[in-house]
Amino acid sequence: MARRRDGAPGALGDTAVAVSAPGFREALLAFGPHDGAHRVALRVMLSTVAPLLVLLAIGRIELAAFAAFGSFAALYGRNRVHLPRLVMQLTAAAVMVAAVALGALVATLPEPAWAMVLGGAAFAGLVSVISDAEDWHPPGVLFALFAFSGSASIPSVGLSDVGIAALVAACAAAFAVLVGTAGTALRVARGLPQAEALPVDRDYRLRDRHRVQLRRVGRYAASVVLAGGLAIVLGIGHPYWAMVSAVVPHAAGAVTAGIARGIHRILGTAVGVLLAAGVLALDPGDLLIVALMGAAVFGAELLIGRNYGIAMVFVTPLALLAVHLASPTPVEVLLVDRLLESIIGALVGIAVGLATARWWTRRP
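Attention in this report is confined to the structure presented alongside it. What you see is a predicted model, and the numbers here were worked out from it, not measured in a lab.

## Observations concerning the pattern of salt bridges
- According to the stated counting rule, one finds two salt bridges in the structure shown.
- The closest approach of N and O atoms between glutamate 62 and arginine 60, which form a salt bridge, is 2.4 Å.
- Among the residues examined, arginine 60 registers a relative accessible area of 33% and is labelled partly exposed.
- We note a salt bridge from arginine 216 to aspartate 132, for which the minimum N-O separation is 3.6 Å. Of this pair, arginine 216 sits in helix H8 (residues 202-233) while aspartate 132 sits in helix H5 (residues 113-134), and the two are 84 residues apart along the sequence.
- According to the relative accessible area criterion, aspartate 132 is buried, its value standing at 2%.

## So, empty space enclosed by the protein
- Summed over the entire model, instances satisfying the criterion amount to one cavity of 30 Å³ or more.
- Within this model, the largest cavity holds a volume of roughly 90 Å³.
- Forming the boundary of the largest cavity are Arg219, Pro249, His250, Gly253, Ala254, Val255, Gly258, Ile259, Gly349, Ile350, Gly353 and Leu354.
- For the lining of the largest cavity, the elements supplying multiple residues, two or more each, are helix H10 (255-281) and helix H13 (331-355).
- No other element matches H13, which puts four residues into the lining of the largest cavity.
- Counted by class, the lining of the largest cavity contains six nonpolar, five polar and one charged residues.

## Details of unusual backbone geometry
- Along the chain, histidine 137 connects to proline 138 via a cis peptide bond; the corresponding omega equals 5 degrees.
- Turning to its location among the elements, proline 138 is positioned in the loop between H5 and helix H6 (142-152).
- Positive phi outside glycine occurs at aspartate 135, with the angle close to 55 degrees.
- Residue position: aspartate 135 is located in the loop between H5 and H6.
- For aspartate 135, a relative accessible area of 4% puts it in the buried group.

## Quick word on the side chain of glutamate 301
- Within the secondary structure, glutamate 301 sits in helix H11 (residues 286-303).
- Note on glutamate 301: relative accessible area 8%, which makes it buried.
- For glutamate 301, the contacting residues outside a window of four places in its chain are Ala37, Val40, Ala41, Val44, Leu75 and Arg78.

## Side note on a nonpolar patch on the surface
- Taken together, the side chains of Trp114, Leu118, Val225 and Val233 define a hydrophobic patch exposed on the protein surface, amounting to about 390 Å² of accessible area.
- For the nonpolar patch, the elements supplying multiple residues, two or more each, are H5 and H8.
- Locating valine 233 in the fold gives a position in helix H8.

## Points about the packing of helix H4 (residues 82-107) against H6
- The N-to-C vectors of H4 and H6 enclose an angle of 25 degrees; their axes lie 6 Å apart at closest approach. The angle between H4 and H6 places the two elements in the roughly parallel class. The chirality of how H4 crosses H6 is right-handed. Between H4, through Val95, Met96, Ala99, Val100, Leu102, Gly103, Ala104, Val106 and Ala107, and H6, the contact on the second element is made entirely by Phe143, Ala144, Ala147, Phe148, Ser151 and Ala152.
- For the contact of H4 with H6, the per-class residue count stands at 13 nonpolar, two polar and no charged.

## As for the nonpolar core
- Counting 82 residues, the largest nonpolar core has Met116, Phe146 and Met293 as the members making the most contacts within it.
- No other element matches H4, which puts 11 residues into this core.
- When neighbours within four sequence positions are excluded, phenylalanine 146 is seen to be in contact with Phe69, Phe72, Ser151, Tyr240, Trp241, Val244 and Ala319.
- One finds Ile236, Ala242, Ile344 and Val352 within the second-largest nonpolar core, a separate group that totals eight residues.

## Remarks on H11
- Here H11 spans 26 Å end to end across 18 residues, near enough to the 26 Å set by a 1.5 Å rise per residue.
- Looking at H11, one finds that the buried residues are Ile289, Val290, Met293, Gly294, Ala296, Val297, Gly299, Ala300, Glu301 and Leu303.
- Taken together, the buried residues of H11 touch helix H2 (37-57) and helix H12 (308-326).

## Side note on the side chain of threonine 48
- Tracing the backbone shows threonine 48 in helix H2.
- A distance of 2.9 Å separates a polar atom in the side chain of threonine 48 from the backbone oxygen of valine 44.
- Those residues in contact with threonine 48, other than ones at most four positions away along the chain, are Ser71 and Val297.

## Let's talk about the packing of aromatic side chains
- Inspection of every chain in the model, using the stated rule, returns nine aromatic pairs.
- With 6.2 Å between their ring centres and 20 degrees between their planes, phenylalanine 146 and tyrosine 240 make a pair best called stacked. Residue phenylalanine 146 is located in helix H6, and its partner tyrosine 240 is located in helix H9 (residues 239-247); the two are separated by 94 residues in the primary sequence.
- By relative accessible area, phenylalanine 146 is classed as buried at 14%.
- Tyrosine 240 sits in the buried class, given a relative accessible area of 4%.
- Measuring from ring centre to ring centre gives 5.3 Å for tyrosine 240 and tryptophan 241, while their planes differ by 45 degrees; the resulting arrangement is tilted. Here the two residues tyrosine 240 and tryptophan 241 agree in accessibility, since each one is buried.
- One aromatic cluster is present, formed by Phe69, Phe72, Tyr76, Trp136, Phe143, Phe146, Tyr240 and Trp241 through successive ring pairs.

So, how was this worked out
Positions within a chain are numbered from 1, following the residues in the order the chain's sequence is written. Totals for whole chains, interfaces and linings use every residue, but because this is a predicted model, local features are given only for residues with pLDDT of at least 70 and side-chain atom pairs only at 80 or more, for both listing and counting. Side-chain numbers here rest on the full set of heavy atoms in the structure, without hydrogens or water. When a carboxyl oxygen of Asp or Glu lies within 4 Å of a side-chain nitrogen of Lys or Arg, that pair is called a salt bridge. The buried label applies to any residue whose accessible area, calculated with a 1.4 Å probe on protein chains only, is under 20% of its type's maximum; exposed applies above 50%, and partly exposed to all values in between. Per the convention used, a helix needs a DSSP run of H or I reaching at least four residues, while a strand needs a run of E reaching at least two, with both numbered from the N terminus. Each cavity reported here is a set of points on a 1 Å grid over the protein atoms alone in which a 1.4 Å probe fits but cannot get out, each pocket an open set with protein on both sides within 12 Å along at least five of seven lines, and each lining residue one with an atom within 4 Å of a point. Grid points are joined across faces, edges and corners, and a volume is the space filled by probe spheres set on the points. For this classification, the nonpolar set comprises Ala, Val, Leu, Ile, Met, Phe, Trp, Tyr, Cys and Pro, the charged set comprises Asp, Glu, Lys and Arg, and every other residue, Gly included, is treated as polar. Contact criterion: two residues are considered in contact whenever any of their non-hydrogen atoms come within 4.5 Å of each other. Distance thresholds for patches are 9 Å for like charges and 5 Å for nonpolar side chains (Val, Leu, Ile, Met, Phe, Trp, Tyr), applied to residues having over 30% relative accessible area and no salt bridge. Note that accessible areas follow from Shrake-Rupley with a 1.4 Å probe, and for residues the cover is restricted to the protein chains shown. Note on method: axes are straight lines fitted to C-alpha atoms, helices fitted across the in-contact stretch only, with angles between N-to-C directions ranging 0 to 180 degrees. Roughly parallel covers angles under 35 degrees, roughly antiparallel covers those over 145, roughly perpendicular covers 65 to 115, and oblique covers all other angles. By the definition used in this description, the sense in which the near helix is turned from the far one sets the handedness, with an anticlockwise turn below a right angle giving left-handed and a clockwise turn giving right-handed. To qualify as a nonpolar core, a set must consist of buried Ala, Val, Leu, Ile, Met, Phe, Trp, Tyr and Cys residues joined through side-chain atoms within 4.5 Å. A helix is expected to span 1.5 Å multiplied by its residue count minus one. Polar contacts, as used here, are pairs of N or O atoms within 3.5 Å; protein pairs need one atom able to donate a hydrogen and one able to accept it. Residues neighboring in sequence count only if both atoms are side-chain atoms. Each Phe, Tyr or Trp ring, with Trp reduced to its six-membered ring, pairs with another whose centre is within 6.5 Å; inter-plane angles below 30 degrees give stacked pairs, above 60 give edge-to-face pairs, and intermediate values give tilted ones.

What follows is the structure, encoded as structure tokens:
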């Protein structure tokens with residue numbers, strides 16, 4: 001299996017199928033090194049908060065979700081420097097803007113739910129191929145799928161709003177790329193040593209890319225359709241949270257790590273929902289919500305590479321506050337939907353991972 005220096009599976013090396021108790025405990029309880037995460041967290045926080053403040057200043061805070069989705073470009077390339085980071089972030093930015101535009105277009109349909117699920121499955125498969133080909137870090141389709149399905153779930157979107165949504169996402173993504181580039185430029189100007197980019201196992205990719213990409217596409221598509229469809233059938237109000245949670249286990253690589261990641265998603269979301277409930281009970285104003293989102297995104301990015309479950313304690317309030325800004329919903333409905341759909345999605349993702357664990361397994 002292709003592996004990165006930090007011990008995480010490579011972008012394409014997910015052929016492990018054994019689920020052992022010691023390996024599961026290690027994946028569940030591991031807490032990785034800091035590794036300069038504060039620098040990335042600061043970049044992501046600035047990239048997220050600045051566009052929201054602009055929208056708040058011009059009185060268009062209802063567009064906050066589109067700006068947040070565009071700013072996802074800042075999350076990519078922490079394992080790259082100089083031109084490679086710029087290229088990765090530009091690719092991610094283009095995908096996020098396309099996700100917002102396509103999602104907003106789906107939102108204009110009279111009944112967008114099933115179109116969102118089926119379109120999300122197809123979009124996730126496509127982004128999976130891009131992620132593998134570009135060796136995205138973080139790998140996988142989670143953020144792109146979130147941008148697509150979240151945009152498709154925003155109510156009262158008309159055809160005239162699609163262009164506005166794409167423009168807001170594009171501006172936020174462009175700002176995120178500029179912030180990522182500025183950090184590298186500042187280090188060069190100060191004469192500081194640059195972090196070495198992690199290597200990519202090109203030989204492994206050349207040998208096995210089609211087999212592994214097909215497996216990933218199948219897993220992502222099946223998980224999105226099953227989780228989203230189940231949430232719709234059960235009548236839960238935000239099925240895209242189930243869709244997003246369902247793809248989480250597959251980005252971890254090995255099945256054991258995927259199960260641990262799914263459990264992290266459930267437990268971290270449960271604690272994060274309680275935290276969000278306390279915040280929203282205070283009925284904070286828009287400016288305070290933006291400030292809290294900045295703190296949450298900083299905490300999430302500070303911890304996401306160390307322990308996914310703890311990071312979810314920050315990610316959950318961040319997502320809920322963003323939804324509350326874009327489309328205010330009764331707090332109790334918002335919190336219950338988030339928890340239920342995260343559980344449904346994570347369990348579906350784990351089940352699909354186990355059911356497909358030996359798809360095209362490499363033989364000696």
